[in-house]
Every structure is written in C-alpha cells, then in structure tokens.
Amino acid sequence: MRRLPLSGVTVVTVEQAVAAPYATRQLADLGARVIKVERPGEGDFARRYDTTVHGTSSYFVWINRSKESLTLDLKEPRGLEILHELLADADVFVQNLAPGAAGRLGLGADDLAGRHPRLIPCAISGWGTTGPWADRKAYDLLVQCQTGLVSLTGTPGETARTGISVADIAAGMYAYSGVLTALYTRATTGEVHPVEVSLFEALAEWMGQPAYYTRYGGAQPPRLGTQHATIAPYGTFRAADGRDVLFSIQNEREWAALCREFLGRPELTDDPRFATSSDRVAHRDDLNAVVAERCARDDAEELLKDLEAIGIACAGVNDVAAFLDHPVLAARGRWREIGVPGGTAEALLPPADLAGLPARMDPVPAVGEHTETILRALGRTPGDIEALRADGVI
C-alpha cells in the first residue's frame, strides 16, 4: 500500500462531541496517527448520543474511525504526565476542552510552547479563547441562533434548526485546514503557529452572504422554506402524484426556455412583472402560481424529464433512506465496510479523492482499546499498567 500524505504525523487529541473529532478524523483519513484521549470508563460522551450502530452512537461512528483510544484521567498527575510523554513526540495537539480547562491543566498554547516547542497546538472553542464570551459554554444550536442562521431557516411562520450540526462541522473543517496549513508552514519555514478556531467564528464565515445582504440591503433575507430570497422561481413544486419536484432558474436563457418549452407561455418573457430576476422575486407569488399550475398537470417523473430536456437542473426530494440508495454513490463505489464496536458498518469514503492513493478506512475504537499498547510503548510494565488501572488513572 502506498504511503498516505500524513503518514508519520502524530496527532494527540483530547476531544469530545463533534467539532474536534471531525477535524482529527480527517487528519486520520490522510494517514496521520491519531491518539484520542478519553475519560476512563465512560469515554467521549458522544459515544452515547444514541445507540443506533450496534450500541454506539451514529455521531461517534461517523467521526472517529481510524483512531486509537487511550483512557487517561488528566486531573491526576500521572495521567497528565503520560499525556506530556505523548506530546513530546507528537506533531499536533488538538483539544476542545471546556472553557478554561486547558489553562488549568497547563495545556494552553503558551504553556505547551515552552515544554514542546515543535508541537502545533489547536484549540477549538465555542466563542474564542479571549473576548467577553470566552468563559461561556456552547453547542451547535446555540451558535446557529447567535449567528442568525436560525432566523433564516424554516418557513415564514416558524424558524427551524438546520438538520445537521453545521457549526460543529464548520469548526471541524477550519481546524482541519488550519492544522494542515500549520504543518506545511512548520515544514517549509520551521515556524510553529498555534491554531485556534471557534464554532461561532466558523459559522460566522458561512453567514457571509446574508451578512452582506442585510448590512447593505437594509433588511435580512426573508425566511422562505425551500424557496430562495433572491432567485425565482426556485424551490419545490407539487406534482400531480403528490411528490415534490425541485428546480430553479439561474439565468435569463433558462428563464426563456422555461417559459417557452415547459410552461408553454412564451409571452411571459415580455411580462414586465418577470422581466428581470429582481422583478420575478418581487412578483414571486404570481410567478409561483403559474409554475404550480403547470406542475400539477403531470407526475413528478414526467416533470423531471421535461425540465432535464431543456437543460434546467432539477431533482426530486429524497429522504435519508433514498439518499443511502442513491445511484451516484453506488455507481461510484463510495461505500466501504468499517469495523465498529460490536460489529461492522457501512461508511462513505472521504469526499476528496487523491488519485492513486488509497482511502484509509480503519475501525472505530472501543473505549480505551489501545491504552495498554500505547502505555507499553512508553515503557510501562504490566505491573505499572495494573496499578494505573486500579487507581483510576486509565
């Protein structure tokens, strides 16, 4: 098997929940050795968010494959010393501990710089390690609310949480890219730059378009369900068989084709209500009524065929079960079987393919599965390990 890009890189991570584990799983995907430090006994609390995958949570299985699990009580001096032994030979240290905890344990960036000068620390927090909210806890929906995302999501009458943990995912993605950048910088210049990412600032970046729209447009984009604040027609329309069909018009060429070939109303291109994209948005209700009447005449499959024939991107609306059976995933061979505690599970390959390099899809570890192996490599004897276990250090 060919050497993966991050083979030889060691990442030690004191992590829980979603953001940090998502970042480190992506480093593991590229070949890094990732040692996940968990609480003795219970481990990462995300293991118990649900029990759907052979007793382990769907969250944990998604973002913790290809890692080694080591249990340590970091409040116990012997546990903290073992962590520092690992950090002495590590390249990256990731943590998303509760506010202030890293500092109390001597694991802040400044503390680590003195003891482990080559180590790249990465801190993931809710609101940043400085500033007026540095001591506040955070979770995904809090951040969705504080960035204004929830005010954009849902229908005119009701807000809604985004259905996946977007703040955690955003933070994990930026931590991952930040660590890669820091590794590259260290390799090319010798300089070490600590990485810091907050859930709030990560999702704030994703709020860029509505932020500009609101600041310079005088009002925020309206909340419109599947419809779009600045494009019309755009959204789902009900077919004769009761199924929904989604499509949108992206330019004037598509608008003319829709009027002529799909709606059978070529005169609409000269209607002043629909002359430009902004006009169509301003008269959305009138336009949607015309489109809805046309869609109600045919079943969904016929509508999709007609739209595709004139070059308009369109699709049905899948539930998760339909997504799992999607023909694109099957035809492109995107599923792999991985080991999980208690069995096996189907997992998607990482989305970025590197031509000629294999995907790393190693098992999801049980709590403390690699503790003894790691400690023996650090020189601990069986007696030492038994004493640590008896004292609750591991």
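Structure shown above.
No experiment lies behind these values; they were computed from the predicted model shown.

Student: Requested: an account of the overall build of the protein chain, with residues and values cited.
Tutor: The number of helices and strands found in the protein chain is 18 helices and 13 strands. Put simply, the protein chain has 394 residues, and 45% of those count as buried. Residue pairs at least 24 apart in sequence account for 66% of intrachain contacts in the protein chain once pairs closer than 6 positions are excluded. Looking at the protein chain as shown, the accessible area adds up to about 19,800 Å², and 53% of this sits on carbon and sulfur atoms.

Student: Give a detailed account of unusual backbone geometry, specifying residues and quantitative values.
Tutor: The residue after Ala 232, namely Pro 233, is reached through a cis peptide bond having omega -5°. Within the fold, Pro 233 resides in the loop between α10 (208–217) and β9 (234–238). One non-glycine residue with positive phi stands out, namely Ala 17, at about 65°. In this structure, Ser 66 is a non-glycine residue whose phi angle is positive, near 65°. Along the chain, the position of Ser 66 falls in the loop between α2 (58–63) and β3 (68–71). Relative accessible area serves as the criterion here: at 4%, Ser 66 is assigned to the buried category.

Student: Hey, could you go over the nonpolar core for me, with residue numbers and the actual values?
Tutor: Of all hydrophobic cores here, the largest spans 34 residues; its most connected members are Val 11 and Ile 124. When residues of this core are traced back to their parent elements, those giving at least two are α1 (19–29), β4 (92–95), β5 (120–125), α8 (166–189), β8 (195–198) and α9 (199–206). Of all the elements, α8 adds the most residues to this core, at 9 residues. If sequence neighbours within four positions are ignored, Val 11 has contacts with Thr 24, Leu 27, Ala 32, Arg 33, Val 34, Ile 35, Val 92 and Val 94. Counting residues in hydrophobic clusters, the runner-up holds 26 residues, among them Ala 239, Ala 257, Ile 310 and Cys 314.

Student: How would you summarise the pattern of salt bridges if you had to cite specific residues and measurements?
Tutor: A full pass over the atoms with the stated rule returns 31 salt bridges. Where Arg 65 meets Asp 29, a salt bridge forms, and the shortest distance between an N and an O atom there is 3.4 Å. Highlighted residues: Arg 65 in the loop between α2 and β3 and Asp 29 in helix α1, separated in sequence by 36 residues. One salt bridge connects Asp 286 with Arg 273, and the closest N-O pair in it is separated by 3.4 Å. Of this pair, Asp 286 sits in helix α13 (residues 284–295) while Arg 273 sits in the loop between α11 (252–262) and α12 (277–282), and the two are 13 residues apart along the sequence.

Student: How would you summarise α9 if you had to cite specific residues and measurements?
Tutor: All of the buried residues in α9 are Leu 199, Ala 202 and Leu 203. Along the long axis of α9, the arc covered by the buried residues comes to 90°, so they all point the same way. For α9, exposure combined with an orientation more than 90 degrees from the buried face picks out Glu 201 and Glu 205. In the core, the buried residues of α9 are packed alongside α1, β5, α6 (140–146), α7 (149–152), α8 and β8.

Student: Hey, could you go over the side chain of Arg 380 for me, with residue numbers and the actual values?
Tutor: Topologically, Arg 380 is positioned in the loop between α17 (371–377) and α18 (382–390). A distance of 2.5 Å separates the side chain of Arg 380 from the side chain of Glu 85, its partner in a polar contact. Non-local contacts of Arg 380, meaning those with residues more than four positions away in its chain, are made with Ile 82, Glu 85, Leu 375 and Ile 385.

Student: Give me the packing of aromatic side chains: which residues, what numbers.
Tutor: A full pass over the atoms with the stated rule returns 9 aromatic pairs. With 5.4 Å between their ring centres and 45° between their planes, Trp 127 and Phe 200 make a pair best called tilted. With Trp 127 in the loop between β5 and α6 and Phe 200 in helix α9, this residue pair connects regions lying 73 residues apart in the sequence. The exposure class of Phe 200 is partly exposed, given its relative accessible area of 29%. An angle of 70° between the planes, with centres 6.1 Å apart, marks the rings of Phe 247 and Phe 262 as edge-to-face. Of this pair, Phe 247 sits in strand β10 (residues 244–248) while Phe 262 sits in helix α11, and the two are 15 residues apart along the sequence. Through pairs of rings, three or more aromatic residues link up here, namely Phe 45, Tyr 49 and Tyr 59. In this arrangement the basic side chain of Arg 136 is found over the ring face of Trp 133, its NZ or CZ atom lying 3.7 Å from the centre. Here the guanidinium or amino end of Arg 294 rests over the ring plane of Phe 262, the centre of that ring lying 4.4 Å away.

Student: Can you tell me about the sheet that holds strand β11 (residues 314–316), naming the residues and giving the values?
Tutor: Taken in spatial order, the 3 strands line up as β9-β10-β11 in an open sheet, and their pairing is antiparallel. Unpaired on one side and paired on the other, β9 and β11 mark the two borders of the sheet. Within the sheet, the average angular offset between the axes of one strand and its neighbour, ignoring direction, is 25°. Where β9 lies against β10, 5 bridges are found, and the strand directions are antiparallel. What sits directly across from Arg 238, in β10, is Asp 244. Sitting on the sheet, α13 touches β9 and β10, and the angle it makes with β9 is about 40°.

Student: Give me the environment of Ile 35: which residues, what numbers.
Tutor: Secondary-structure assignment places Ile 35 in strand β2 (residues 33–38). By relative accessible area, Ile 35 is classed as buried at 1%. Distance from Ile 35 to Phe 200, taken between C-alpha atoms, is 27 Å for residues 165 residues apart in sequence. Those residues in contact with Ile 35, other than ones at most four positions away along the chain, are Thr 10, Val 11, Val 12, Thr 13, Glu 68, Leu 70, Leu 86 and Ile 374.

Rules and cut-offs
All residue numbers here refer to positions counted from 1 along the written sequence of the relevant chain. Two thresholds apply to this predicted model, a pLDDT of at least 70 for residue-level local features and 80 or more for giving and counting side-chain atom pairs, whereas whole-chain, interface and lining totals are computed over all residues. Computation of side-chain values covers all heavy atoms of the structure but excludes hydrogens and water. By definition, any uninterrupted DSSP run of H or I lasting at least four residues is a helix, any uninterrupted run of E lasting at least two residues is a strand, and each is numbered from the N terminus. A simple rule labels every residue: compare its accessible area, found with a 1.4 Å probe on the protein chains alone, to the largest value its type can have, and call it buried under 20%, exposed over 50%, or partly exposed in between. Two residues form a contact once any of their heavy atoms are found within 4.5 Å. Here, Shrake-Rupley sampling with a 1.4 Å probe gives the accessible areas, and only protein chains in the shown set may cover a residue. What makes a nonpolar core is a set of buried Ala, Val, Leu, Ile, Met, Phe, Trp, Tyr and Cys residues whose side-chain atoms join them at distances within 4.5 Å. Criterion for a salt bridge: a side-chain nitrogen of Lys or Arg within 4 Å of a carboxyl oxygen of Asp or Glu. In this context, the arc is that of the directions from the helix axis out to the C-beta atoms. Polar contact is defined as a pair of N or O atoms within 3.5 Å, subject to the rule that within protein one atom must be able to donate a hydrogen and the other to accept it, and that residues adjacent in sequence are counted only when both atoms are side-chain atoms. Between 30 and 60 degrees the pair is tilted, below 30 it is stacked and above 60 it is edge-to-face, where a pair is any two Phe, Tyr or Trp rings, Trp via its six-membered ring, whose centres lie within 6.5 Å. When the NZ atom of lysine or the CZ atom of arginine is within 6 Å of a ring's centre and also within 35 degrees of its normal, the charge is said to sit over that ring. Any two strands with at least two DSSP bridges between them are considered paired. Only the stretch in contact is used when fitting a helix axis, every axis being a line fitted to C-alpha atoms; angles between N-to-C directions are given from 0 to 180 degrees.

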